[in-house]
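Given next are the chains, with one letter for each unit.
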Protein chains: 2
Amino acid sequence: MSAHPFDQAIALAAQPDGNWLGHTSAAYANMVGPFGGVTAAQALNAVLQHPQRLGEPVALTVNFAAALADGPFTVEARPARTNRSTQHWIIEMRQDGQTVLTATAFTALRRDTWSADDEPMPQVPGPAETRRADMRNGRVEWVKRYDLRFVHGFFPPEWDGTERDSLTQLWVRDEPPRPLDFASLTALSDVFFPRLWRRRASMVPIGTVSMTIYFHADAAQLQATGTSHLLGQARAQAFRNGFFDQTAQLWNEAGELLVTTHQVVYYKE
Amino acid sequence: MSAHPFDQAIALAAQPDGNWLGHTSAAYANMVGPFGGVTAAQALNAVLQHPQRLGEPVALTVNFAAALADGPFTVEARPARTNRSTQHWIIEMRQDGQTVLTATAFTALRRDTWSADDEPMPQVPGPAETRRADMRNGRVEWVKRYDLRFVHGFFPPEWDGTERDSLTQLWVRDEPPRPLDFASLTALSDVFFPRLWRRRASMVPIGTVSMTIYFHADAAQLQATGTSHLLGQARAQAFRNGFFDQTAQLWNEAGELLVTTHQVVYYKE
């Protein structure tokens, strides 16, 4: 049995100098370069695989410095500070000696404490009641690697400049199904199409500049979530002079908030 | 006339090796170490002062790796990637050779484009109609450097464990007034007291681990805002096993969204 395309995509080979060697994945190609969610997962994977890692990811920020070319890349992941139960990482991804991504990550050994969710899952029809979007004719490859079921906020019916809300709610999981882990949750955090396209019904060129993910879930919660769908919700707060932001959440079907995530995106026009 | 305490606090001296030398500020002391907002502003200032800087800040992520000791620190700010109109920075702050903060920043030359705010300023009484909180007996020094006027969500009346919402809305500006710039806006992004204290009426030990700021405003907008109050709003989305998140906005009195900001905070209990 061959590995899941996502596992193939994020595979890294340890190098003698302590860095990691990876390769962009044709299965997750975007319009220009690869799907950023998988690039982010590759960066995080250099921490997850690192022999000095302490604990699980709590925070990750990735900065997309340049479009990746199809081909190999190296990842350097360095523990900049290791405390008793927490660790801070600096990550750089390079192609041909040029930095294409910078990132920081924070990992920690978590303890059981009083907990509460203050962002309740929206009450929406479940994944079985929601029609799966047909992405077979999608213009980009990576969308075919996800089962996407839009509850609200699909692409606008016409690219006619009609302004509307920037909200999207959708059920999503890997296609074929794959048990959820920190790497796939990282990629899923970037699964929302650009808020500007919906807000303005205008498919202008865009590119994510920086994305931050806060992992509220631990490994046990991800394992319990397994291969079931997640509900994702994303909206923008401001579009201003070439950059807009996006704020998003991912819940599992049990209504547990697994991730809150934010990004700032370049747009042209 | 002496410099504003904030300008004294963020002052950096260029070193022969290209790094920057700064010093923690007694005027902005917190319970343990300095107010994180000023530490973040010091880190950003190493980019703002850097001779190779291109454009204005659009995104900043700071990771607080250890409590700073009172005293000097160095900041290394390195342009990891410079594109035609954008630039990616990696920043490290050190004390005694140990990393105490890591950060990444993204700067850009902005162009005028179609723009829209999708997070309207809450309709609240103005700063002149809102009573200024008396912080003269505050247990920490830095709160005395701000004019804070709470519209909603002040400290709970009793630290009795009563659960309530995690929302705070307040008018805020530097005290004494100081014209707004990217450095002060960075510090103001961290001005909200810990959401857990309000949510649970329990003053447990906390510490911000990572904070991300998206600057929607450009220098002209900050200059136009000047010394007037900003409306800040902050709430949590999840408290889970030792870490909670905070999502916040800052508007000027004209209702323009200047910043959206997020942080993840350690809590003990």
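Since this is a predicted model, take the numbers as computed values, not measurements. (Residues numbered from 1 in each chain as written. Chains lettered and ligands numbered in written order. Predicted model: local features only at pLDDT ≥ 70, side-chain atom pairs only at ≥ 80, totals over all residues. Heavy atoms only, no water.)

A.B. asks: Whenever I open this one, the overall build of chain A confuses me. Can you help?
C.D. replies: Counting its regular elements, chain A contains five helices and 14 strands. Over its C-alpha trace chain A gives a radius of gyration of 18 Å, about what one expects of a compact globule, namely 18 Å for 269 residues. In terms of overall dimensions, chain A has C-alpha extents of about 55 × 45 × 45 Å along its principal axes. Looking at chain A as a whole, 61% of its 269 residues qualify as buried. For chain A, the proportion of contacts with a sequence separation of at least 24, taken over those separated by at least 6, is 68%. Counting only carbon and sulfur atoms, one obtains 49% of the accessible surface of chain A, whose full area is about 10,300 Å². On chain A, the mean spot of the 24 positive side-chain charges and the mean spot of the 28 negative ones are 3 Å from each other. (Helix = DSSP H or I, 4+ residues; strand = E, 2+ residues; numbered from the N terminus. Rg over C-alpha atoms; globule rule 2.2 N^0.38 Å. Buried < 20%, exposed > 50% of the residue type's maximum accessible area, 1.4 Å probe, protein only. Contact = heavy atoms within 4.5 Å. Areas by Shrake-Rupley, 256 points an atom, 1.4 Å probe, with all protein chains shown as cover. Lys, Arg positive; Asp, Glu negative; His and termini not counted. Charge placed at Lys NZ, Arg CZ, Asp CG, Glu CD.)

A.B. asks: I would appreciate a short explanation of the UniProt feature "domain: Acyl-CoA thioesterase-like C-terminal" (unreviewed entry) in chain A in the present structure.
C.D. replies: Under the UniProt annotation, the feature "domain: Acyl-CoA thioesterase-like C-terminal" (unreviewed entry) is placed at residues 132–266 of chain A. Secondary structure across residues 132–266 of chain A divides into 15% helix and 39% strand, with the first and last C-alpha atoms of the span separated by 29 Å. (UniProt positions renumbered as here; feature names shortened; annotations may be inferred.)

A.B. asks: Looking at this model, I keep getting lost on the interface of chain A and chain B. Mind explaining?
C.D. replies: In this complex, chain A contributes 67 residues to the contact, which on the side of chain B involves 67 residues. Of the roughly 5,800 Å² buried between chain A and chain B, counting both surfaces, carbon and sulfur atoms make up 48%. A per-residue breakdown of the area chain A buries against chain B is headed by Trp114, Gln237 and Arg240 of chain A, which together make up 15% of the total. Along the contact surface separating chain A from chain B lie eight salt bridges. Measuring nitrogen to oxygen at the nearest pair gives 2.9 Å for the salt bridge that ties Arg240 of chain B to Asp117 of chain A. For the interface between chain A and chain B, the tally reads 56 residue pairs in polar contact (both at pLDDT 80 or more). When grouped by side-chain class, the residues that make up the side of chain A that touches chain B number 25 nonpolar, 23 polar and 19 charged. Bridging between strand E7 (residues 116–117) of chain A and strand E12 (residues 238–240) of chain B involves two bridges; their strand directions are antiparallel. Residue pairing in the sheet places Asp117 of chain A in a bridge with Ala238 of chain B of E12 of chain B. (Buried area = accessible area lost by both parts, 1.4 Å probe. Salt bridge = Lys/Arg side-chain N within 4 Å of Asp/Glu carboxyl O. Polar contact = N/O pair within 3.5 Å; in protein donor to acceptor, adjacent residues only side chain to side chain. Nonpolar A, V, L, I, M, F, W, Y, C, P; charged D, E, K, R; others polar. Pairing = 2+ DSSP bridges.)

A.B. asks: Mind showing me how you'd approach the UniProt feature "domain: Acyl-CoA thioesterase-like N-terminal HotDog" (unreviewed entry) in chain A here?
C.D. replies: When the UniProt feature table is mapped onto this chain numbering, "domain: Acyl-CoA thioesterase-like N-terminal HotDog" (unreviewed entry) sits at residues 30–106 of chain A. Note that residues 30–106 of chain A is 17% helix and 51% strand, and that its end C-alpha atoms are spaced 28 Å apart.

A.B. asks: Can you help me understand the relation of the copies chain A and chain B in this one?
C.D. replies: Mapping one chain copy onto the other needs a rotation about an axis and a shift along that axis. For the pair chain A and chain B, the relating rotation is 180 degrees, the translation along its axis is 0.0 Å, and the fit reaches an RMSD of 0.0 Å. The relationship between the two copies is best expressed as a two-fold rotation axis. A shared interface surface links the copies, since 100% of the contact residues of chain A are contact residues in chain B too. (Least-squares fit on C-alpha atoms with pLDDT ≥ 70 in both.)

A.B. asks: How should helix H2 (residues 36–48) of chain A be read in this particular structure?
C.D. replies: For the α-helix, the turn length of 3.6 residues means that residues three or four positions removed from each other point alike. Here H2 of chain A spans 18 Å end to end across 13 residues, near enough to the 18 Å set by a 1.5 Å rise per residue. Among the 13 residues that make up H2 of chain A, 13 are buried, leaving the element largely enclosed by the rest of the structure. (Expected span 1.5 Å × (residues − 1).)

A.B. asks: Would you take a moment to explain the pairing of strand E6 (residues 98–108) of chain A for this structure?
C.D. replies: All names here are of chain A. Most of E6 is tucked away, with ten of its eleven residues classed as buried. Note: strand E3 (residues 56–64) against E6, eight bridges, orientation antiparallel. Each residue of the ladder has a partner; that of Val62, found in E6, is Ala103. Of the strand pairs in this sheet, strand E5 (residues 86–95) and E6 are connected by ten bridges, and their pairing is antiparallel. If you follow Arg94 over to E6, its bridge partner there is Thr99.

A.B. asks: I'm lost on the pairing of strand E2 (residues 20–23) of chain B in this one. Help?
C.D. replies: The side chains of a regular strand alternate between both faces of the sheet. Residue and element names in this part refer to chain B. Of the two faces of E2, the one lined by Trp20 and Gly22 is fully buried and the one lined by Leu21 and His23 carries no buried residue. The sheet contact formed by strand E1 (residues 13–14) and E2 spans two bridges and is antiparallel. The partner of Ala13 across the bridge, within E2, is Leu21. A loop of five residues connects E1 with E2, the two strands running antiparallel in sequence, and Gly18 in this loop sits at a positive phi of about 90 degrees.

A.B. asks: Before we go on, may I ask you to explain the packing of aromatic side chains in this structure?
C.D. replies: To describe a pair of aromatic rings, one takes the distance between the centres and the angle between the planes. Within this structure, the stated rule accounts for 34 aromatic pairs over all chains. Ring centres 6.0 Å apart and planes at 75 degrees place the aromatic pair Phe35 of chain B and Tyr146 of chain B in the edge-to-face group. Here Phe35 of chain B is found in the loop between E2 and helix H2 (36–48), whereas its partner Tyr146 of chain B is found in strand E8 (residues 146–152), with 111 residues between them in sequence. Taken as a pair, Phe35 of chain B and Tyr146 of chain B share a single burial class, namely buried. Among the aromatic residues, those joined into a cluster by ring pairs are Phe150, Phe154, Phe155, Trp159, Phe193 and Trp197 of chain A. (Phe/Tyr/Trp six-rings, centres within 6.5 Å; stacked < 30°, edge-to-face > 60°.)

A.B. asks: Before we go on, may I ask you to explain the pattern of salt bridges in this structure?
C.D. replies: For side chains bearing opposite charge, pairing can occur when the charged atoms are close. Residues and elements named next belong to chain B. By the definition in use, this model includes 34 salt bridges over all chains. Residue Arg178 is joined to Asp7 by a salt bridge in which the shortest nitrogen-to-oxygen separation is 2.8 Å. Of this pair, Arg178 sits in the loop between strand E9 (168–174) and helix H3 (182–188) while Asp7 sits in helix H1 (residues 5–10), and the two are 171 residues apart along the sequence. Here Glu92 makes a salt bridge to Arg94, at a shortest N to O gap of 3.2 Å.

A.B. asks: Explain the side chain of Asp174 of chain B to me, please; I cannot follow it from the model alone.
C.D. replies: Residue and element names in this part refer to chain B. Summarising the element assignment, Asp174 is placed in strand E9. Among buried Asp, Glu, Lys and Arg side chains, Asp174 stands out as unpaired, with Arg178 the closest opposite charge at 4.7 Å. The contacts of Asp174, once residues within four sequence positions are left out, are His4, Arg145, Tyr146, Asp147 and Ser184.

A.B. asks: Got a minute to help me understand the environment of Gln98 of chain A in this structure?
C.D. replies: With respect to the helices and strands, the residue Gln98 of chain A is situated in strand E6. On a C-alpha basis, the gap between Gln98 of chain A and Gly71 of chain A in space is 14 Å, while along the polypeptide they are 27 residues apart. Dropping the residues within four chain positions of it, Gln98 of chain A is found in contact with Met93 of chain A together with Arg81 of chain B.

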